[in-house]
Amino acid sequence: MQTFHCVCGNTIFFKNTRCESCQRRLAFLPDQRRMSAVESVGGGRWKSPDGALYRRCRNYRRHDICNWMVPAAESDPYCLSCRLTEQAPDLNDPRQSLYVYRLESAKRHLLYTILQLGLPVRTKADDPDWGLAFRFETDRDPDTEFVHPVEDAETVWTGHANGTITINLAEADHVARERMRVQMKERYRTLLGHFRHEVGHYYWALLVDGTDLHASYRELFGDERQDYGKTLARYYKRGAPRDWNNRFISPYASSHPWEDWAETFAHYLHMIDTLGTANDFGFVVQGRQIPPAPYPDTVLAEVPFDEILDLFIHLSIGLNAISRSMGVADLYPFVLCQPAKDKLRFVHEVIHARSSHRGVDQMSLFDARNALDKAVAEA
Ligand SMILES: [Zn+2]
Ligand SMILES: [Zn+2]
Ligand SMILES: [Zn+2]
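Parameters and conventions
Residues numbered from 1 in each chain as written. Chains lettered and ligands numbered in written order. Predicted model: local features only at pLDDT ≥ 70, side-chain atom pairs only at ≥ 80, totals over all residues. Heavy atoms only, no water. 1 Å grid on protein atoms, 1.4 Å probe; cavity = no way out; pocket = protein on both sides within 12 Å on 5 of 7 lines; lining within 4 Å. Points joined across faces, edges and corners; volume = space filled by probe spheres on them. Nonpolar A, V, L, I, M, F, W, Y, C, P; charged D, E, K, R; others polar. Donors = N, O, S within 2.8 Å, 3.2 Å for Na, K, Ca; no water. Helix = DSSP H or I, 4+ residues; strand = E, 2+ residues; numbered from the N terminus. Buried < 20%, exposed > 50% of the residue type's maximum accessible area, 1.4 Å probe, protein only. Arc of directions from axis to C-beta. Contact = heavy atoms within 4.5 Å. Polar contact = N/O pair within 3.5 Å; in protein donor to acceptor, adjacent residues only side chain to side chain. Pairing = 2+ DSSP bridges. Domains from an automatic or database assignment. Buried area = accessible area lost by both parts, 1.4 Å probe. Salt bridge = Lys/Arg side-chain N within 4 Å of Asp/Glu carboxyl O. Tetrahedral: all angles 85-135°; square planar, octahedral: opposite > 155°, others 65-115°. Axes fitted to C-alpha atoms, helices over the stretch in contact; angles between N-to-C directions.

### Quick look at empty space enclosed by the protein
Thought 1: This structure, assessed with the given rule, holds one cavity of 30 Å³ or more.
Thought 2: Approximately 50 Å³ is the volume found for the largest cavity.
Thought 3: Lining the largest cavity we find 10 residues, and of these Leu275, Pro291, Pro292, Pro294 and Ile308 sit closest to its centre.
Thought 4: Here the lining of the largest cavity is composed, by residue class, of 10 nonpolar, no polar and no charged.

### Observations regarding the coordination of the zinc ion (ligand 3)
Thought 1: Protein-derived ligands of the zinc ion (ligand 3) are His197 (NE2), His201 (NE2) and Glu259 (OE), with the metal-ligand distances lying across 2.0 to 2.1 Å.
Thought 2: Here the donor residues for the zinc ion (ligand 3) map to a single chain with the spacing H-x3-H-x57-E. Of this pair, histidine 197 and histidine 201 both sit in helix 4 (residues 191-207), separated by four residues, roughly a single helical turn. Grouping residues by exposure puts histidine 197 and histidine 201 together as buried.

### Observations regarding helix 6 (residues 228-238)
Thought 1: Among the residues making up helix 6, those that are buried are Thr231, Leu232 and Tyr235. The buried residues of helix 6 occupy an angular sector of 100° when the element is viewed end-on, so they sit on one face. Helix 6 presents Lys230, Lys237 and Arg238 as exposed residues on the side facing more than 90 degrees away from its buried surface.
Thought 2: Against helix 7 (257-280) lie the buried residues of helix 6.
Thought 3: The backbone nitrogen of glycine 229 lies 3.0 Å from a side-chain oxygen of the residue at the head of helix 6, namely aspartate 227.
Thought 4: Looking one or two places after helix 6, you find glycine 239, whose phi comes out positive at around 80°.

### With respect to the side chain of asparagine 320
Thought 1: With respect to the helices and strands, asparagine 320 occurs in helix 8 (residues 305-325).
Thought 2: With relative accessibility at 9%, the residue asparagine 320 sits in the buried group.
Thought 3: In this view, asparagine 320 contacts Asp330, Leu331 and Tyr332; residues no more than four positions away in its chain are not counted.

### Some points on the pairing of strand 11 (residues 164-168)
Side-chain direction in a regular strand flips from residue to residue, so the side chains alternate between the two faces of the sheet.
Thought 1: Across the five residues that make up strand 11, a large majority, five, are buried.
Thought 2: Burial of the side chains of strand 11 extends over both faces: Thr164, Thr166 and Asn168 are buried on one face and Ile165 and Ile167 on the other.
Thought 3: Bridge count for strand 9 (residues 133-137) against strand 11 is five bridges, and the pairing is parallel. Counted as the bridge partner of glutamate 137 is asparagine 168 from strand 11.
Thought 4: By the bridge criterion, three bridges tie strand 10 (residues 159-161) to strand 11 in an arrangement that is antiparallel.

### Remarks on the domain arrangement of the protein chain
Thought 1: When the domains of the protein chain are assigned, the result is domain 1 (4-79), domain 2 (81-207) and domain 3 (209-365).
Thought 2: With centres defined by C-alpha atoms, the gap from domain 2 to domain 3 works out at 21 Å.
Thought 3: Taken together, the contact pairs 26 residues of domain 2 with 34 residues of domain 3.
Thought 4: For the pairing of domain 2 and domain 3, the buried interface totals around 2,600 Å² over both sides, and the portion due to carbon and sulfur atoms is 65%.
Thought 5: By the criterion of area lost to domain 3, the three top residues of domain 2 are Leu117, Trp204 and Leu207, representing 31% of everything that side buries.
Thought 6: For the interface between domain 2 and domain 3, the tally reads one salt bridge.

### Focus on the coordination of the zinc ion (ligand 1)
Thought 1: Distances from the zinc ion (ligand 1) to its protein donors, Cys6 (SG), Cys8 (SG), Cys19 (SG) and Cys22 (SG), fall at 2.2 to 2.3 Å.
Thought 2: Here the zinc ion (ligand 1) binds four donor atoms, and the angle range of 106 to 113° at the metal identifies the geometry as tetrahedral.
Thought 3: Mapping the donors of the zinc ion (ligand 1) onto the primary sequence yields the spacing C-x1-C-x10-C-x2-C.
Thought 4: For cysteine 19, a relative accessible area of 1% gives the class buried.

### Re the sheet that holds strand 5 (residues 45-47)
Thought 1: Pairing in this open sheet of five strands is antiparallel, and the strands run 3-4-5-6-7 from one edge to the other. Single-partner strands in this sheet number two, and they are strand 3 (25-29) and strand 7 (69-71). Between one strand axis and the next, the sheet turns through 50° on average, direction left out of account.
Thought 2: Pairing of strand 3 with strand 4 (residues 34-42), which is carried by five bridges, proceeds in the antiparallel orientation. The residue of strand 4 that forms the bridge with alanine 27 is serine 36.

Shown next as C-alpha cells:
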C-alpha cells in the first residue's frame, strides 16, 4: 500500500482518520482512489482540496469503523466498501465492533488494490446475480475467544458462493486465528489473505469461467470439473501430495483447481501490493530501483512480467531476512516453483486483459455474464 500526503505535507497512511501533524480530518476518496485531508463545509458535507464534495460514510460517522467518503452526488449513506457488507454483527457491542473494524479495514485494503487494477466492483443491489457481497458471521462465542459454540448456531464456513463471501468472525480475533493457523499447519493466515483468496473465486467466475481464457486456465491449473467435495475431503484427510512444492504455490492450492487459482490470485495481490509499497519507500533491490506497482493504467504495466517476478523474489528474500532479524515469522514464507510462476503470470494476463483501465467496458462484462446465464437457463 502506498502512502499519501496531507495538504500540510505530512505523510499519511491508508488507515488514518486524522493528520498527526495539523489535526485535519482525513478520509479516503474512492472516486479518486486516494487518501486526502477534507474540510467540513456544514450540513454533513466535506470538501477535498480540489473542491469536490463528499459525505462521510455512515460507518465512519456513527461507528468509527470506516474512513471512506461518499461522493455528494451519490444518495447511499454508505461508502463503496461498506455497501458490499450484507451482514455484520452488532456494532453497538464494543468487542464485536472491534472485530468488524478489523474485517472492514482488511476489506478496504483489498478493494484499494482491486480498484487500482481496474477490476469491476458491483453490489448485489445493482446486480443480484453477479454482484459481490460480504457476510461476517459467527458460530462460536466471541467472549470466550471463540472456543465455546453459540447454542443452535449453524456452522459458519469461511468461503465464497455465487458472489457472496462469508468470513467467520473468529478470524478477526488474534488468538482464535493463530490457534486455527497452528491446527491447520499453515505458514500464513491473515484477514487480508482471506479476503484476497475468497475474492479470487469471485473473479474466476466473472472473468475466466466460460470465456476465451478458460482453456488456458485448464491447461495450467487442471480441470475444475473434478468433484469439489470429494477432492477437498481427500485433502483434509491426507494433506497435500509430498511433491506439492514442485507444482503449487501453497499446500492448500493442491486441493482443487479452483483453490489453486484462488491461492495464486491472492499471491498475485500480495506481490503487487508489496512491490507498490517498496516503490513508495524508494527500495532498491540488487541495485535496481523498484518500479511502481504494475497496475494496468501505469506505464510500468509494460514492465515484462519476468522482471516483476524477479524483483519480488529478491525483495521477499530480503524482507524475510529482516523479519528474522526481528525474531518474527518470515514475511513471505513461500518459495515459488516454476508452475506457480506460470500461474501467477496467467493471473497477471487475465487481470490486464479485463481491466477497465485498458478500455474494457465493465458493464458489457456483466451483461455478457447475465446473457450467458439466461442462455443456459433456457437451454
Ligand atoms: Zn496535515
Ligand atoms: Zn464505509
Ligand atoms: Zn477457496
